[in-house]
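Given next are the chains, with one letter for each unit.
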Amino acid sequence: MTSCAFSSSPSAPVGIKTIVPPPLPSPRHPARFTSSLLCDELSALGQDDDDEAVPVPDNLLSTPRMVRNAVYSFVNPEDQSKNAFLLGWNKEFAKELGVDINKIERSQWSEQELDNLVKLLTGGGRKIPAPQRDEDDAGKGPRETQPWAHCYGGHQFGYYAGQLGDGRAISLYETVNPATGQSWELQLKGAGKTPYSRFADGYAVLRSSIREYLCAEAVATLDVASSRSLAIMSTETMVVREEGGEPGSIVCRVAPSWIRFGSFEIFFYRKDRVNLRRLAEYVCDEVYSLPRDDPQEMAAFKEQFRKAELETIPEPESDEPRHVNAAVEGEAQGAPATTKQPKALYRNRFAKMFEQVAYKTAIMVSGWQAIGFCHGVMNTDNMSILGLTIDFGPYAFLDKYDPLFICNHSDSEGRYSFQQQPGICLWNLGRLALTLENLIGAQERVDDLDWLHQQETDTEKEERLKEGAKDIVVEILNKSFRDVFLKDYRRRMNEKMGLGGADQVKDEDLTKIVVPALAWMDDYEVDYHQFFRALADYKVEGADTVDKNGAQIEALVKRLLPTPVHLARGSAAVEEIKGWLEPYHLRLVQSSDLKDDQTRRIRMNKVNPAFVLRNWVAQRVIERVTESVMKTREESIEEDPDKNLLDRVLWMCQHPFGEDASQADETTTTADGTCEIKRNNAGLEVYGEYVGPVPEWGQGIQCSCSS
């Protein structure tokens, strides 16, 4: 357990206050985000570096309120450090974050370092050594971090909800890994009230914290962009939710940026053009590192194309809607393409930024569909500007393949069902496009139109810019989202089915093999993940056609179908599986690279996980870890077999593929002083009870947004 003040060094010279730093990378000072964008006026009062700073009480800073003309608010985490302790530490991500290589393992920390880490991550202290730029810095000693909460709006279940913001997440500081140059923003979820908490308490319960801590790493391991988890803390705060009182927790989650689609929406709907542009400039410069538009290039484009347009006789007005919203829901969703004469379009930096967002979002959601991940709450305030999977709430990995599966029991209409996810991403991108249409539509004149830098509203001018943005946005959504999504989804599914990499994808693979296989899974209630692991064992050597593999196919069907389904419809399943298995078999035997059964099996088992963080697994882990936490708090002398369970399951999330056949005889040990995990010859026993058939009680579990 720990007290509230940071531990200081007993050997510090008189007059100089030093602290033993926690095992974390140094903060960037000042933070790039807070030094580049506007803070709300109230919380800015206490942040001046000079004598003009006005102390503002923490309880006033965290009072829920409407915040205008600001991208964020300074707010301190609530002190929950009393009797808090470190429940989990992600040493694998700690390396990527830039933690000192000699401080990666918990066993390498001193007692003071652990003590100060717990305090920093539970609001009990804010001082952490920063790089010293000059002698004056050296004399100041450790700086205090200046935590902040993001301000944003968002569409929730299709309706704009106004101001939302970080209601229980507080960004602690930014850091840069000097080895990679990657910047990171550390955020504490469950750290207490902020100006954006509305009627909530700002806390997080242990069950939701465990779910986020584990799933962020599971998704990242499966090659899908995601926020990351660094640590999870147990606090003695009792949090009241629908289920009653629950133990509290804080997760330290990390991302290069926590800016969301909703960060732009709040300024758009408030008609705050100045802050919207300032935020867009920041994302272009700092998040995507896009070059500034070349004035000479823009001038040349204007001279070459705009003069010709002015000399062209204008076409008569049509009835076509003149709004980006119509464009997104028209051409971009499959309506016939416009037959108008194509105009010369200049993609300025804001169009290029939107193109990057569309591209990364397409890659993200293609990954979700391939790994069988259902997010559950795809509101625009949960959509990352970097195309990251963020805000893990009522998510689920599929059990049996069901395209209509809804993981969030609050989603009564199935808006965010599994099959809806790509379309919802497209819809959300349309909402983001609305906020950027003036900047995109200005094209090569974006830096010349003075009124774009002001709060002035001019309906006629804005309509012209919307028209100028429409074709650019539609093209981006068609090419940078739709085409990219399909290409990446085909690649991922081909790899999962053992049909080779991106260079081996054939046009007919999706229509003749992948889609029919998914339909067969749906018809016969086949487990999505076990299907691919079983298919890896399918052998074609010595069998030129499917007909020669009759016994093997029957065994495969029996292995995959639930017993009641197999008893009732097994014979029909054997016949119907041949509809896609025949072209699949043919694809394999016709390729010298694919027909080697052993090589193909190894490849497939490297992309198809044996361990999946299913909802029933997460629930069982939550129950056992919660019981273990309570034993720790009661200082029970009873032996606790689950003391290190969270570490073990995190390891499973990060190593979900089991043993390669070529390594099956190896025995490996990973240990950091907190847990020991031994792989064995079979390769899957390491996962214990968490692999295999889904228990009856655990099938199709849904969660709510309550956390």
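In this convention, every chain numbers its residues from 1, walking through the sequence in written order. Where totals are concerned, whole chains, interfaces and linings use all residues; where local detail is concerned, this predicted model gives features only for residues with pLDDT of at least 70, and gives and counts side-chain atom pairs only at 80 or more. Side-chain metrics in this entry use all non-hydrogen atoms of the structure; hydrogen atoms and water are not considered.

(A) Looking closely at the overall build of the chain. When helices and strands are counted, the chain shows 21 helices and 16 strands. Only carbon and sulfur atoms are counted for the fraction: they give 50% of the accessible area of the chain, which is about 31000 Å². Secondary structure is summarised from DSSP: a helix means a run of H or I of at least four residues, a strand means a run of E of at least two, and numbering begins at the N terminus for each. Per-residue accessibility takes into account occlusion by the displayed protein chains alone, with areas from the Shrake-Rupley method and a 1.4 Å probe.

(B) Local environment of the nonpolar core. Residues belong to one nonpolar core when they are buried, are Ala, Val, Leu, Ile, Met, Phe, Trp, Tyr or Cys, and are joined through side-chain atoms within 4.5 Å. Accessible area is worked out with a 1.4 Å probe on protein chains only. A residue is then buried under 20% of its type maximum, exposed over 50%, and partly exposed in between. Ranked by size, the top nonpolar core spans 185 residues in total, and within it L230, F264, M497, W520, F531, W580 and Y584 carry the most contacts. The dominant element in this core, judged by the number of residues it contributes, is helix α12 (residues 349-371), at 12 residues.

(C) Region of interest: the packing of helix α7 (residues 206-221) against helix α20 (residues 615-633). Where helices are involved, their axes are fitted lines through C-alpha atoms of the stretch in contact, as for all axes, and angles between N-to-C directions lie from 0 to 180°. Contact geometry for α7 and α20: axes closest at 10 Å, N-to-C directions at 125 degrees. Relative to α20, α7 is oriented oblique. Handedness of the α7/α20 crossing: right-handed. From α7, L206, R207, I210, R211 and L214 reach across to α20, where they touch N615, A618, V621, I622, V625, T626 and V629. Here the residues of the contact of α7 with α20 are counted per class, giving eight nonpolar, two polar and two charged. Working definition: roughly parallel below 35 degrees, roughly antiparallel above 145 degrees, roughly perpendicular at 65 to 115 degrees, and oblique for all remaining angles. Should the near helix be turned counterclockwise from the far one by less than a right angle, the crossing is left-handed, whereas a clockwise turn marks it as right-handed. Only heavy atoms matter for contacts: two residues are in contact if any of them lie within 4.5 Å across the pair. Note that Gly is not counted as nonpolar here; it falls among the polar residues with everything else outside the nonpolar set of Ala, Val, Leu, Ile, Met, Phe, Trp, Tyr, Cys and Pro and the charged set of Asp, Glu, Lys and Arg.

(D) Broad picture of the confidence of the model for the chain. A residue's pLDDT is the predictor's confidence in that residue, given on a scale from 0 to 100. Summary statistics for the chain give a mean pLDDT of 87 and a share of 85% for residues scoring 70 or more. The low-confidence segment residues 1-16, where pLDDT is below 50, has 41 contacts with residues more than four positions distant or belonging to other chains. Of the regions scoring below 50 in pLDDT, residues 660-682 engages in 46 contacts with residues more than four places distant in sequence or in other chains.

(E) Here's a closer look at the pairing of strand β11 (residues 228-241). Across the 14 residues of β11, 11 count as buried, placing the element largely inside the fold. We call two strands paired when DSSP finds no fewer than two bridges between them. Summarising the sheet, strand β2 (residues 85-89) and β11 pair through four bridges and their orientation is antiparallel. Looking across to β11, one finds that F85 is bridged to S234. Across 10 bridges, the pairing between β11 and strand β12 (residues 244-255) is antiparallel. Of the residues in β12, the one forming a bridge with S229 is R253. Where β11 folds back onto β12 in an antiparallel hairpin, the turn is made up of two residues.

(F) Layout of the environment of E639. Residue position: E639 is located in the loop between α20 and α21 (645-654). What makes E639 exposed here is its relative accessible area of 70%. Taking C-alpha positions, E639 is 9.9 Å from S628, a pair spaced 11 residues apart along the chain.

(G) Representation of the side chain of D488 in the model. Of note, D488 is situated in helix α14 (residues 459-496). Ignoring sequence-local partners within four residues, the contact set of D488 consists of I363 and S366.

(H) Quick look at the pairing of β12. The buried count for β12 comes to 10 of 12 residues, which makes it a mostly enclosed element. The pairing of strand β9 (residues 183-189) with β12 spans five bridges and is classified as antiparallel. Bridged to E185 within β12 is A255.

(I) Seen up close, the pattern of salt bridges. Every case where a carboxyl oxygen of Asp or Glu lies within 4 Å of a side-chain nitrogen of Lys or Arg is listed as a salt bridge. For the structure shown, the criterion picks out 46 salt bridges. We note a salt bridge from R260 to D391, for which the minimum N-O separation is 2.6 Å. One end of the pair, R260, is in the loop between β12 and α8 (261-269); the other, D391, is in the loop between β13 (373-374) and β14 (396-397), and 131 residues separate them in sequence. Comparing R260 with D391, the two get one shared label, buried. Residue R624 pairs with D642 through a salt bridge whose shortest N-O separation is 2.5 Å. Here R624, found in helix α20, pairs with D642, found in the loop between α20 and α21; they are 18 residues apart in sequence, far enough to count as distant. Residue classification places R624 among the partly exposed residues on the basis of a relative accessible area of 22%. Given a relative accessible area of 12%, D642 falls into the buried group.

(J) Region of interest: the packing of aromatic side chains. Two aromatic rings, drawn from Phe, Tyr or Trp (for Trp, its six-membered ring), form a pair once their centres lie within 6.5 Å of each other, and the interplanar angle then sorts them: stacked below 30 degrees, edge-to-face above 60, tilted otherwise. By the definition in use, this model includes 30 aromatic pairs. An aromatic cluster of at least three residues, connected via ring pairs, comprises Y401, F418, W520, Y524, Y528, F531, F532, Y538, W580 and Y584. By definition, being over a ring means that NZ of Lys or CZ of Arg is both within 6 Å of the ring centre and within 35 degrees of the ring normal. When the ring centre of Y395 is taken as reference, the NZ or CZ atom of R211 above it lies at 4.1 Å. Lying over the aromatic face of W427, R431 brings its terminal NZ or CZ to 4.1 Å of the ring centre.

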